[in-house]
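Here is how the chains run, residue by residue.
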Amino acid sequence: MSPDRVAVPMRRGWILVFRVLGAPGSSVQRVAGVPVLLLRLFGLLCLVTCTSGDSQKDTSSAASETETTGEANPDDGGPEDEGPNTDHFMEIKARVQVELYTTNEAGGREFLSWDDAVGPVGEFPFGSVFVAAYRPDDEGREDYFDQHTVTRPRVTGDMYKLDIDPEAVDAVNIYATLDVRGDGVVGSNEPMGIHPDPIPVEAYGSLTDANVVILVDWDRWGPGGWGWQDVGGYTPPVDTDGDGIPDAVPPGGCDLVAIAGDVEITVPYEGGNGMVMLLDNAGGGPYQQKEFTPIPTGSGATAEYNMGVCVNAGPMQIVAAYDSNGNGLVDPADLWGAYISEPGQNGNPLVIEDYRREDVHVEIPIGGGGPAVSVVPFVRLSGIAYPEAVPRFSDLATDGGEGLALHVVALKYPPTPDFNVSAFEEDAYDAKVWDSDTLGDEESVDWDLVVPANTIVYLLAFVDADGDGLVNEEREPVAYGGVGGAAALSTGDEGHAGIGLRLRVVED
């Protein structure tokens, strides 16, 4: 090696060679300023390299030991927080299926197979399916305990899985809703299905028969269906009488006015896009929506929005939510907020007139962050069933038959003659049965059923007079629970009580 080059041994087998720029035989004091700086940088480099090597070796060793033994690194301040123990949670695992129907000329609902709708290899034409375990509270709101989102549903149905903490709730209800427009928001009038019975929650328990079916009107939501005519604006009805509930869609649409402002998320933000939405005062909607992408601020996040709404729409709600549970939807289990009149204060309703507003600021969360959209999964139907022509149910039994049974059911489709009661499991939203021993000499029975809100059910009572498992047979009594003696009944969002089911033989 030449005399103006110096070799310095380094750790890990490295050798650093540098050149001294002074003349041969010169002392260090006579080395120029730049080489001195290089020497100092070399010393610093050696120090950092050596120290870094030790540090990396120690960290790697400690991490490896922790992963192998499961023991905490004594230098990290204690054991890592692995989150709550969920081993004792109850598991609910079942199927959610979307079924299609059409309406015939007589107004009756008819089942439509997926093959007939989209062909043997057709794809699912709608958005995600949201399944939730919830419990209504005393004020009519829902508390959510777990949710599952099927982001790419199949026409053959899909499995869902919910894990419920038995220490948080003793029973839950299950419902599923379809983002039928595929717009990323679970609205108040989306097609919905329910599991009719409350499910007791038990530690280490499991349940596999809580299947849910969502019925979808293909005439409305299939390609070219009439339901799509208000999409692309969700043209909101106008509140013409000032009662806070929109009355009718303006003919030919409406002129738009802008509503704009800031969105402020005041809690730690971990991702997820959001929506600003226009609702009516009953929580219906959204009639209009505008997506926003929050920008993290450290303590939360912020965004801006600008949304067009109908001129003179009247008192409406401006609300917002972001995808806090990371399932790709804005749903009732996310974190919600609203337009604020001052920080932390819900300012709704906002009267929408004929001029632009740029000061409609939104804060998330408001009021605990619960959902502003009114999603009413189920309602109750109840009443009394009694025979018309005889005083007691026992008088309806057929001589030589195998016993008597009374069935009260809310069917998805109109019944056919000689209907097998085993089909109630698949074709009924809910069903109740009383055998001959239970009926005894009763003159009437009280009944109640749980059905999806805001849909049509076929409410009937049947007497299986000969106990053969077939109902709606000739000369067997039946009762219809719809309006005007029909079976079809609109459930609404409050249900119905006091429905009388008068069982009689229907003459042709």
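See above for the structure.
These numbers come from a predicted model, not from an experiment.

Enquirer: Could you give an account of the overall build of the protein, naming the residues involved and the relevant values?
Expert: Scanning the protein from terminus to terminus reveals five helices and 31 strands. Expressed as a percentage of the 508 residues in the protein, the buried residues total 44%. Within the protein, contacts between residues separated by at least 24 positions form 68% of all contacts whose residues are at least 6 apart in sequence. Surface exposure of the protein reaches about 26600 Å², of which carbon and sulfur atoms provide 48%.

Enquirer: Lay out the nonpolar core with the relevant residues and their values.
Expert: I92, F126, Y160 and I174 are the most contacted members of the largest nonpolar core, which totals 32 residues. With six residues, strand β3 (residues 90-103) is the largest single contributor of residues to this core. Not counting residues up to four positions away in its chain, the partners in contact with I174 are I92, V131, A132, A133, Y134, Y160, L162, I194, H195, I199 and V212. Judged by nonpolar contacts, the second largest core, of 31 residues, contains Y101, Y413, W447 and L489.

Enquirer: Any details on the pairing of strand β22 (residues 378-387)? Residues and values, ideally.
Expert: By the bridge criterion, eight bridges tie β22 to strand β26 (residues 445-452) in an arrangement that is antiparallel. Bridge pairing in β26 places I384 opposite D446. Sheet topology places β22 next to strand β31 (residues 496-503); six bridges connect them, and they run parallel. By the bridge assignment for β31, I384 is matched with G500.

Enquirer: Just give me the short version of unusual backbone geometry, but keep the residues and values in it.
Expert: Cis geometry marks the peptide bond from G285 to P286, where omega comes out at 5°. As for its position among the elements, P286 is in the loop between β13 (274-279) and β14 (288-292). The phi dihedral of N454 is positive, around 55°, even though this residue is not glycine. Relative to the helices and strands, N454 is located in the loop between β26 and β27 (456-464).

Enquirer: So what about the packing of aromatic side chains? Which residues, and what values?
Expert: Under the defined criterion, the tally for this structure stands at 13 aromatic pairs. Relative to F124, the ring of W114 has its centre 5.6 Å away and its plane inclined at 40°; by these criteria the two rings are tilted. Residue W114 is located in helix α2 (residues 114-118), and its partner F124 is located in the loop between α2 and β5 (129-136); the two are separated by 10 residues in the primary sequence. Since its relative accessible area comes to 10%, W114 is described here as buried. The buried category is assigned to F124, whose relative accessible area is 13%. Aromatic side chains F126 and W218 sit 6.2 Å apart centroid to centroid with 75° between the ring planes, which places their arrangement in the edge-to-face category. Of this pair, F126 sits in the loop between α2 and β5 while W218 sits in helix α3 (residues 218-221), and the two are 92 residues apart along the sequence. Across the pair, W218 and F126 agree in class, each one buried. Here a set of aromatic residues connected by ring pairs shows up, and it is made of F130, Y134, Y144, Y175 and F378. R109 extends its terminal NZ or CZ atom over the ring of Y101, reaching a point 4.3 Å from the ring centre.

Enquirer: Can you break down the side chain of E99 residue by residue, with the values?
Expert: Mapping E99 onto the fold places it in strand β3. Salt bridges are absent for the buried E99, whose nearest opposite-charge side chain, K412, sits at 4.5 Å.

Enquirer: Account for the sheet that holds β22, with residues named and values stated.
Expert: The strand order β26-β22-β31 describes an open sheet built from three strands, whose pairing is mixed. In this open sheet, the two edge strands, each paired with only one partner strand, are β26 and β31. Averaged over neighbouring strand pairs, the angle between their axes works out to 30° when direction is ignored.

Enquirer: An account of a negative patch on the surface is requested, with residue identities and associated values reported.
Expert: A contiguous patch of negative charge, built from E402, D418, D468 and E474, is present on the exposed surface. Turning to its location among the elements, E402 is positioned in the loop between β22 and β23 (405-411).

Enquirer: I'd like a rundown of the environment of A168, residues and numbers included.
Expert: Structurally, A168 is set in the loop between β7 (158-164) and β8 (171-178). Taking the C-alpha atoms as reference points, A168 and F145, separated by 23 residues in sequence, lie 8.0 Å from one another.

Enquirer: Can you tell me about the pattern of salt bridges, naming the residues and giving the values?
Expert: Under the counting rule described, the total for this entry stands at nine salt bridges. Ionic pairing is found between D158 and R154, a salt bridge with its closest N-O pair at 3.0 Å. Between D448 and K432 there is a salt bridge, with its nearest N and O atoms 3.9 Å apart. Of the two residues, D448 is situated in strand β26 and K432 in strand β25 (residues 428-435); the sequence distance between them amounts to 16 residues. Residue D448 is classed as partly exposed on the basis of its relative accessible area of 32%. Within the structure, one salt-bridge network assembled from shared partners comprises E91, K161 and D163.

Parameters at a glance
Residues numbered from 1 in each chain as written. Predicted model: local features only at pLDDT ≥ 70, side-chain atom pairs only at ≥ 80, totals over all residues. Heavy atoms only, no water. Helix = DSSP H or I, 4+ residues; strand = E, 2+ residues; numbered from the N terminus. Buried < 20%, exposed > 50% of the residue type's maximum accessible area, 1.4 Å probe, protein only. Contact = heavy atoms within 4.5 Å. Areas by Shrake-Rupley, 256 points an atom, 1.4 Å probe, with all protein chains shown as cover. Core = buried A, V, L, I, M, F, W, Y, C linked by side-chain atoms within 4.5 Å. Pairing = 2+ DSSP bridges. Phe/Tyr/Trp six-rings, centres within 6.5 Å; stacked < 30°, edge-to-face > 60°. Lys NZ or Arg CZ within 6 Å of the ring centre and 35° of its normal. Lys, Arg positive; Asp, Glu negative; His and termini not counted. Salt bridge = Lys/Arg side-chain N within 4 Å of Asp/Glu carboxyl O. Axes fitted to C-alpha atoms, helices over the stretch in contact; angles between N-to-C directions. Patch = residues over 30% accessible without salt bridge, like charges linked within 9 Å, V, L, I, M, F, W, Y side chains within 5 Å. Charge placed at Lys NZ, Arg CZ, Asp CG, Glu CD.

Keep in mind that these numbers describe shape and distance, not what the molecule does.
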